[in-house]
Amino acid sequence: MQRALLDWFAVNQRPLPWRTEYHPWHVLVAEIMGQQTQLDRVAARLPVFLDRFPSPTALAAASEEEVLKAWEGLGYYARARNLQAAAQALTAQYGGEIPQDLDAVRALPGVGRYTAGAVLSQAFNLPVPIVDANVARLFARLFDLDEPIASRETQAFLWETAAAIIPPGHARDFNQALMELGALVCGKNPRCSACPLTGHCEAHRLNIVEERPVPTQAKAIIPLEVATGVLVHRGRIFIQKRLPHGAWGGLWEFPGGRIEPEETPHQAVVRELLEETGYPVAVTDKIALVRHGYTTYKVALHCFACRLEIDPAAEDIPAPQLTAAQDARWVTLRDLAHYAFPAGHRKLIDLMERDLRFA
DNA sequence: GACTCGTGGCA
DNA sequence: TTGCCAAGAGT
């Protein structure tokens with residue numbers, strides 16, 4: 001089975017940017033970027049990121065602002081902050097190199113059991129096991145696991161098996177082969193006719209591939225109504241920087257929030273801007289309704305243009321009283337390109353750039 | 001163990 | 001259009 005899988009991988013592996021040299025830094029960044037993210041997206045974004053941050057030392061020395069901008073659109077932004085913290089640790093403790101030591105790599109922020117194993121096996125060909133979503137799904141079929149993947153017993157079996165199954169001297173290719181087969185053949189809709197392991201697959205023998213892995217109860221996706229305000233004053237737009245941690249930590253946004261029951265979107269945006277900035281505002285236009293999906297929510301984002309309700313003759317803009325942000329600025333529409341925004345707000349910006357009212 | 005944390009592709 | 005879900009980690 002191991003030989004069949006290695007032979008399959010040699011022929012069928014995708015040409016990914018870090019697979020030519022397996023440079024340890026490239027592998028580490030690829031693995032962090034690859035968490036909960038399909039590799040085609042990583043392949044598209046990794047070269048740009050590495051061009052700007054070619055070494056741990058380079059990333060360590062950058063501003064968090066620039067790191068988040070480079071990560072914009074990839075989601076799970078704590079990964080970017082953790083990766084920079086990891087780069088700073090590597091620079092301070094290991095001379096800017098990746099140590100060939102499981103405990104040392106595992107101790108880096110944002111690096112868990114999977115990522116540590118992936119980095120050490122791919123960068124250094126060390127025989128360290130990996131279990132990701134691909135391996136778990138593949139093993140559930142190969143060994144006919146009749147408990148949900150997440151159960152403690154199944155997790156223990158998966159990791160024990162992944163460790164025991166590595167062919168000596170082939171950790172790099174074999175670990176990747178398991179994942180690649182899971183991604184390309186043994187996916188959500190399995191293509192058993194293209195699989196090199198059907199002769200070894202227990203679920204296939206029993207004709208219950210479709211029943212593996214055993215599904216868990218899916219959580220409902222909650223619809224959410226949100227209002228946001230593009231506050232314009234003397235040709236400049238108000239943006240605020242979100243708090244350092246939590247959702248979209250450190251990213252910039254337009255102020256806004258949930259529309260309460262019994263409240264119109266229009267009322268909500270006026271209330272939210274007063275709460276979050278201290279500014280009394282009036283709505284001047286409805287810009288758009290942006291729809292954006294999340295893992296557990298689907299948001300309808302009601303977007304308004306607003307103006308300050310202050311004395312038009314006043315020379316200075318009063319300072320905002322921020323309650324949901326760590327910083328704020330008044331910028332031009334063109335400036336927005338330099339700041340990292342959540343994807344929903346980036347959609348709004350794209351619309352404004354093509355909107356004559358803002359041109 | 002349960003929950004949070006994004007996004008976009010695809011069936 | 002809707003639901004599913006990815007080379008998971010931290011709390």
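Along each chain, the written sequence defines residue order, and numbers are assigned to residues from 1. All chains are assigned letters beginning at A, and all ligands numbers beginning at 1, according to the order in which they are written. With the structure being a predicted model, the display of local features is reserved for residues of pLDDT at least 70 and the display and counting of side-chain atom pairs for 80 or more, all residues being used for whole-chain, interface and lining totals. The basis for every side-chain value is the complete set of non-hydrogen atoms in the structure, without hydrogens or water.

Broken down by element type, chain A carries 14 helices and seven strands. Expressed as lengths along the three principal axes of its C-alpha atoms, the size of chain A is roughly 80 × 50 × 35 Å. Exposure is judged per residue with a 1.4 Å probe applied to protein chains only, and the accessible area is read against the type maximum: over 50% gives exposed, under 20% gives buried, and values in between give partly exposed. A buried classification covers 47% of the 359 residues belonging to chain A. Taking contacts inside chain A between residues at least 6 apart in sequence as the whole, the part at least 24 apart equals 67%. Note that accessible areas follow from Shrake-Rupley with a 1.4 Å probe, and for residues the cover is restricted to the protein chains shown. Carbon and sulfur atoms provide 52% of the accessible area of chain A, an area that totals close to 17900 Å². The charge count includes Lys and Arg as positive and Asp and Glu as negative, but it does not include His or the ends of the chains. By convention, the point assigned to a charge is CZ for Arg, NZ for Lys, CD for Glu and CG for Asp. Distance between charge centroids for chain A: 3 Å, based on 36 positive and 41 negative side chains. Runs of H or I in DSSP of at least four residues are treated as helices and runs of E of at least two as strands, each being numbered from the N terminus. The contact criterion used is simple: two residues touch if any of their non-hydrogen atoms lie within 4.5 Å.

So, on to unusual backbone geometry. The step from R212 to P213 runs through a cis peptide bond, and the omega angle for that step is -5 degrees. Of note, P213 is situated in the loop between α12 (202–205) and β1 (222–233). Here R234, not a glycine, exhibits a phi torsion of approximately 50 degrees, which is positive. The residue R234 is located in the loop between β1 and β2 (236–242) in this model. Among the residues examined, R234 registers a relative accessible area of 52% and is labelled exposed. Even without being glycine, E262 reaches a positive phi, approximately 70 degrees.

Surveying the vicinity of DNA strand C reveals 27 residues, the closest of which are R19, G110, T115, D132 and N134. Contacts described as polar in this section are N or O atom pairs within 3.5 Å, which, within protein, must combine one atom able to donate a hydrogen with one able to accept it, while residues neighboring in sequence count only if both atoms come from side chains. Interatomic distance of 2.5 Å between a backbone N/O atom of G110 and a phosphate oxygen of DNA strand C. With respect to DNA strand C, the side chain of T115 contributes an N or O atom lying 2.7 Å from a phosphate oxygen. Considering only residue class, the surface near DNA strand C consists of nine nonpolar, 10 polar and eight charged. One heavy atom within 4 Å of a molecule or strand is enough for the residue carrying it to be called near that molecule or strand. Residue type decides the class: Asp, Glu, Lys and Arg count as charged, Ala, Val, Leu, Ile, Met, Phe, Trp, Tyr, Cys and Pro as nonpolar, and the leftover types, Gly among them, as polar.

What follows is about empty space enclosed by the protein. Detection works on a 1 Å grid of protein atoms alone, calling trapped sets that fit a 1.4 Å probe cavities and calling open sets with protein on both sides within 12 Å along at least five of seven lines pockets, with lining residues defined by an atom within 4 Å of a point. Grid points are joined across faces, edges and corners, and a volume is the space filled by probe spheres set on the points. Evaluated as defined, the whole model comprises one cavity of 30 Å³ or more. Empty space within the largest cavity amounts to approximately 100 Å³. Lining the largest cavity are 14 residues; nearest its centre among them are R141, C186, C192, C195 and C201. Counting residues per element, the lining of the largest cavity draws most heavily on helix α9 (residues 133–142), which supplies three residues. Tallied by class, the residues present in the lining of the largest cavity amount to 10 nonpolar, two polar and two charged.

Quick look at the nonpolar core now. W25, L28, W71 and L83 are the most contacted members of the largest nonpolar core, which totals 41 residues. Among the secondary structure elements, those contributing two or more residues to this core are α2 (24–33), α3 (39–52), α4 (56–61), α5 (64–71), α6 (78–94) and α8 (113–124). Ranked by residues supplied to this core, first place goes to α2 with seven residues. If we ignore the near neighbours within four places in the chain, the residues touching W25 are L50, F53, P54, S55, P56, L59, L83, A87, L90 and I98. The criterion is simple. A nonpolar core is a set of buried Ala, Val, Leu, Ile, Met, Phe, Trp, Tyr and Cys residues joined through side-chain atoms within 4.5 Å. Grouped together as the second largest cluster of nonpolar side chains are 32 residues, F9, Y114, A118 and A177 included.

Another aspect to go through is the packing of aromatic side chains. Planes of paired rings set the category: under 30 degrees apart is stacked, over 60 is edge-to-face and the rest tilted, where pairs are Phe, Tyr or Trp rings (Trp by its six-membered ring) whose centres lie within 6.5 Å. All chains considered together, the criterion is met by 10 aromatic pairs. Ring centres of F49 and F53 lie 4.9 Å apart, and the angle between their planes is 55 degrees; on these two criteria the pair is classed as tilted. The same class applies to F49 as to F53, namely buried. Measuring from centroid to centroid gives 5.0 Å for W252 and Y339, while their planes differ by 70 degrees, and the two rings are edge-to-face. Highlighted residues: W252 in strand β3 (residues 252–253) and Y339 in the loop between β7 (325–331) and α14 (343–353), separated in sequence by 87 residues. A residue is classified by how much of its surface remains accessible, and W252, at 1% relative accessible area, is buried. Note on Y339: relative accessible area 11%, which makes it buried.

With that settled, the discussion passes to the environment of E72. Among the secondary structure elements, E72 is positioned in the loop between α5 and α6. Counting along the chain gives 267 residues from E72 to Y339, while the straight-line C-alpha distance between them is 8.9 Å. Within the structure, the side chain of E72 is placed 2.7 Å from the side chain of K69, a separation counted as a polar contact.

Only one rule defines a salt bridge in this text: a Lys or Arg side-chain nitrogen within 4 Å of an Asp or Glu carboxyl oxygen. Inspection of the entire model under this criterion finds 18 salt bridges. For E275, the salt bridge goes to R271, with nearest N and O atoms at 3.3 Å. Of this pair, E275 and R271 both sit in helix α13 (residues 265–277), four residues apart, roughly one helical turn. A residue is classified by how much of its surface remains accessible, and R271, at 22% relative accessible area, is partly exposed.

Bringing the protein's contact with DNA strand B into the picture now. Around DNA strand B there are 18 residues in total, and Y77, W248, Y294, T295 and A343 lie nearest to it. Sugar and phosphate atoms form 62% of the subset of DNA strand B atoms that lie within 4 Å of the protein. At 2.6 Å, a backbone N or O of W248 approaches a phosphate oxygen of DNA strand B. With respect to DNA strand B, the side chain of T295 contributes an N or O atom lying 2.6 Å from a base nitrogen. Here the residues of the surface near DNA strand B sort into eight nonpolar, eight polar and two charged.

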